[in-house]
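# Summary of the model geometry
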Amino acid sequence: MGRFVKNVCFFLLIIATLGVATELFVRHIPNSYRYKDNWIKVNGSAVKTLVLGNSTIDNALSPSLLDSAFTFANSDQLLEYDDFILDKYSKYCPNLKNVILPLDYGNLFSEPYEERDGYQWYRAIYYQVYLDYKKHPIISKYNLEIANPLSARNKALQYIESLLYNKDIAYYCDSLGRTTQGRYDWKKEITDQDVARYAGGVVSKEYYEYNKGHVISIAKTCQEKGVRLILTTCPKWCLCVNALNQERIDSIRSFASQITNTFDNCYYKSYLKDSCFIYKRSFFRDETHMSENGCYYFTKRLLEDFEL
Amino acid sequence: MIFNSLDFILFLPIVFFLYWFLQNRLRSQNFFVVIASYVFYGWWDWRFLILIAITSLSSFVCGVIMERAEKVTERKACNFFNIVLNLGILATYKYYDFFAENLAALIKSICGYELDWITLNLILPVGISFYTFQALSYSIDVYKRKITATKDPIDFFAYISFFPQLVAGPIERATNLLPQFQKSRTFDYGKAVDGLRQMLWGFFKKIVVADNCAILVDATWAHYQEQSGLTLIIAAVLFSFQLYCDFSGYSDIAIGTARLFGINLKKNFDFPYFSRNISEFWRKWHISLMTWFRDYVYIPLGGSRCSKAKLIRNIFIVFLLSGLWHKPNWTYIAWGGYHAALISILVLLNVKTKYEHTVAYNRVLPTLKETAMMLITFILVVISRVFSRAETIGQAFDFIRCSYKNIAVQAPLFFFPQESLPHSVPFVIVIGLTVLIVIEWLQRNKEHALDIGGGHFYEQTMGKVVHILLHPNYDLFICQR
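The structure contained in this document is the topic of the report that follows. (Residues numbered from 1 in each chain as written. Chains lettered and ligands numbered in written order. Predicted model: local features only at pLDDT ≥ 70, side-chain atom pairs only at ≥ 80, totals over all residues. Heavy atoms only, no water.)

## Some points on the overall build of chain A
A count of helices and strands for chain A gives eleven helices and five strands. Seen through its principal axes, chain A has C-alpha atoms that stretch 75 × 45 × 40 Å. Classification of the 308 residues of chain A by burial places 52% in the buried group. Carbon and sulfur atoms make up 55% of the accessible area of chain A, which amounts to about 14300 Å² in all. One way to put it: in chain A the 38 positive side-chain charges average out to a point 4 Å from where the 36 negative ones average out. (Helix = DSSP H or I, 4+ residues; strand = E, 2+ residues; numbered from the N terminus. Buried < 20%, exposed > 50% of the residue type's maximum accessible area, 1.4 Å probe, protein only. Areas by Shrake-Rupley, 256 points an atom, 1.4 Å probe, with all protein chains shown as cover. Lys, Arg positive; Asp, Glu negative; His and termini not counted. Charge placed at Lys NZ, Arg CZ, Asp CG, Glu CD.)

This is the structure:
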């Protein structure tokens, strides 16, 4: 038995060493979450407008065109994490005047990462590890990058690829927090299936109520700090708009109305069907995300509408 | 608790050390097995423990009564009661909603009357199909006087709830497992190391092959109508490997874990994708379940000792029940029917389906004929997997239709159903499948893929390598004569 335990411990030691080395390597890879965490702690006092939300707003809004703005939006970021980010980092932004948050077809109805199938829960790790979001206990898979081997492997391979071929690092951002990956991608043809994929899907009422709760919490935080909360629904390509579930759109609108009536620091404007955007193909790099061209005009529009 | 989780990684060493700490106290050791197994099972939901306790208790008590009963009618009644009770529990949790929904749909189509209220939406307890069958096999064997009923409830509860095989098999027979709990176990270094190797292989199959295949398979199935025919065929093949690696990987981990505790579980998968015909396939796939159906359904119905018509009837009954056992869904019933039909064809054509040895026995490579037979059998199995994967029979047929209808549509250069998927997945799958097939082929005559004999494997191998280096003219083939 002693010999068995000794040999197993030796074997496990090798595995553990490799595991630790891999974990450290993956954590060392530059990523936008750590960048934003560091940036805002150092430069937060200069921030007047903070952008939260997911890839929709990240593609649609350029903080460089606004006055003293920074984006803490991330791909597929859920409202729960927007709430956490505002709660944690607003204290580094004493001059904060505006928070921009999308009320979206995606984020209001999304399920938590932990309830997603397969490897799709990996984003929960980023908030836990890089932003110190203490949602899960220390001994949990959410504290280890290598606990999701697929995402860790992918990150590592893309980093090595960027070093070897002098490419941009994937999952990184520019100096004001906007994600660089995919920004200049262009989908040649937006098909009915692409649109149906985005528009379809069964929605759980439980998740809708859960996400609404976080928006209300964000609104309260903004009210306490005397900050304006600008809620917006970004434009989408016209084919996509036509395919969206009308009941869900009505839910978004009615909730936005409820929020703006309850909190006087909250404002809402929907650009979902704004004809200045939705019919111009050059404004959309795919069915839901705006291109750089579209981003420029949408940011200018927001600037005018809300005097940012 | 699942095997590939942090919880299990912490659970196993604690249980291992405490178990062997109690090595000289058999009853305490068995009692500890029961506690540990109930903790393992209750980790999902403690309420499930009530059901497994009921099954264990009823089977144990019935066993004791049957052992004491002298009249056949008493034994029959007791056995019947136990079967009805346990199958009743299984049927309620697993099959009630399926039949209720179908009945409601039927009534609605006939008279338009809505009967949605009759479904109960019960949560299916994990592993209920496995431990129920395990308990029933004990009860039936005691009734038939094949085994003596145990009078020790702790031994029996340990037999039913032994955690490595509790949630996904193998379905153990009392003749194999129960005696192992009734006698002392001593720690065996070789057995434990071999168990760890088997666990390692199981984890490799599950984490490297199955989980990566699942990503591509799920992405393809989500939008299968848009994919090329080649993509769909590849997805069907990958799903076959995913299912095999998931299921057999879990069995390997279970068997390997049991060996750490000095318990030998029966082999559940015998490299089934190297089968030369569908009949051989079913002797190598989920062996514990198929032998259960053979012994408790097929043989009592007459087995193969009856007319051909009855033989085929028996085959269909077994496979339809097997399909239903897997999942209460028409697709699985169709899957069972498909396999029954294939075996029936072999029976009707009097094709030789049993072989003395495994394929390519004493050879490294199979003959062309053997290769063709394995490929044909594999293709037939892959077709059935479409039914396993589909939500409805219509979807299964639609998938098959799309696979040849879209065959002319250009497939991506590197199989990639969706741009958002990580690029490394196909690469890992190719490497993983290559390693899987090569190692399992080379080890097809062994107990498991990493069964490399006694503890002197490394010394012998290193010895051979050193000898070859010191004697450059050494003829490698001499040692193989």
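Next comes the rest of the write-up.
## Thoughts on the interface of chain B and chain A
Residue-level contacts link 22 residues of chain B with 16 residues of chain A. Both sides together, the interface formed by chain B and chain A hides about 1700 Å², and carbon and sulfur atoms give 74% of it. Our enumeration of links across chain B and chain A arrives at zero salt bridges. Where chain B touches chain A, the interface holds two residue pairs in polar contact (both at pLDDT 80 or more). Elements with a contribution of two residues or more to the side of chain B that touches chain A: α1 (6-21), α8 (189-222) and α16 (424-442) of chain B. Sort the elements by how many residues they give to the side of chain B that touches chain A and α8 of chain B lands first, with six residues. (Contact = heavy atoms within 4.5 Å. Buried area = accessible area lost by both parts, 1.4 Å probe. Salt bridge = Lys/Arg side-chain N within 4 Å of Asp/Glu carboxyl O. Polar contact = N/O pair within 3.5 Å; in protein donor to acceptor, adjacent residues only side chain to side chain.)

## Quick notes on empty space enclosed by the protein
Residue and element names in this part refer to chain B. The final tally for this structure, using the stated rule, is three cavities of 30 Å³ or more. Approximately 40 Å³ is the volume attributed to the largest cavity. Around the largest cavity, the lining residues are Asp-270, Phe-271, Phe-274, Glu-280, Lys-284, Thr-358, Val-359 and Arg-444. Grouping the amino acids of the lining of the largest cavity by side-chain chemistry returns three nonpolar, one polar and four charged. (1 Å grid on protein atoms, 1.4 Å probe; cavity = no way out; pocket = protein on both sides within 12 Å on 5 of 7 lines; lining within 4 Å. Points joined across faces, edges and corners; volume = space filled by probe spheres on them. Nonpolar A, V, L, I, M, F, W, Y, C, P; charged D, E, K, R; others polar.)

## A word on unusual backbone geometry
If a residue is not glycine, its phi is most likely negative; likewise, a peptide bond is most likely trans. The amide bond that connects Gly-169 of chain B to the next residue, Pro-170 of chain B, takes the cis arrangement and shows omega of 5°. Structurally, Pro-170 of chain B is set in the loop between α6 (153-161) and α7 (174-182). Of note, Asp-76 of chain A is a non-glycine position whose phi angle comes to about 60°, a positive value. The residue Asp-76 of chain A is located in the loop between β2 (69-71) and α4 (79-89) in this model.

## A closer look at helix α7 (residues 192-199) of chain A
Residue and element names in this part refer to chain A. Regarding α7, the residues found buried are Asp-194, Val-195 and Ala-199. In a view along the axis of α7, the buried residues occupy a sector of 125°, so they form one face of it. Looking at the buried positions of α7, the neighbouring elements they touch are α9 (238-243) and α10 (246-262). (Arc of directions from axis to C-beta.)

## A short note on the layout of surface pockets
Residues and elements named next belong to chain B. Taken as a whole, the second largest pocket spans an internal volume of roughly 1100 Å³. Taken together, 31 residues line the second largest pocket, and the ones lying closest to its centre are Phe-130, Leu-243, Phe-247, His-326 and Tyr-332. Among the secondary structure elements, those contributing two or more residues to the lining of the second largest pocket are α5 (128-143), α8, α9 (229-260), α12 (308-326), α13 (330-348) and α14 (368-389). Looking at the lining of the second largest pocket, the element that brings in the most residues is α9, giving six residues.

## What to know about the packing of helix α3 (residues 48-68) of chain B against α5 of chain B
Residue and element names in this part refer to chain B. The geometry of α3 relative to α5 is characterised by a closest axis approach of 9 Å and an angle of 5° between their N-to-C directions. Taken together, the axes of α3 and α5 are roughly parallel relative to one another. Across the interface between the two elements, Leu-51, Ile-52, Thr-55, Ser-59, Gly-63, Met-66 and Glu-67 from α3 touch Ile-128, Tyr-131, Ala-135, Tyr-138, Ser-139, Val-142 and Tyr-143 from α5. Tallied by class, the residues present in the contact of α3 with α5 amount to nine nonpolar, four polar and one charged. (Axes fitted to C-alpha atoms, helices over the stretch in contact; angles between N-to-C directions. Parallel < 35°, antiparallel > 145°, perpendicular 65-115°, else oblique.)

## Re the environment of Lys-280 of chain A
Residue and element names in this part refer to chain A. Position of Lys-280 among the secondary structure elements: in the loop between β5 (266-270) and α11 (292-306). Take Lys-280: its relative accessible area is 38%, and that puts it in the partly exposed class. A polar contact of 3.2 Å, which involves the side chain of Lys-280, links it to the backbone oxygen of Cys-276.

## A short note on the sheet that holds strand β1 (residues 49-51) of chain A
Within a sheet, adjacent strands bond to each other through the backbone by hydrogen bonds, running parallel or antiparallel. Residues and elements named next belong to chain A. Spatial ordering of the open sheet is given by β2-β1-β3-β4-β5, a layout of five strands whose pairing is parallel. The open sheet has two edge strands with one neighbour each: β2 and β5. Neighbour to neighbour, the strand axes of the sheet diverge by 20° on average, direction disregarded. Across three bridges, the pairing between β1 and strand β3 (residues 98-102) is parallel. When the sheet's bridge partners are listed, Val-51 is paired in β3 with Ile-100. (Pairing = 2+ DSSP bridges.)

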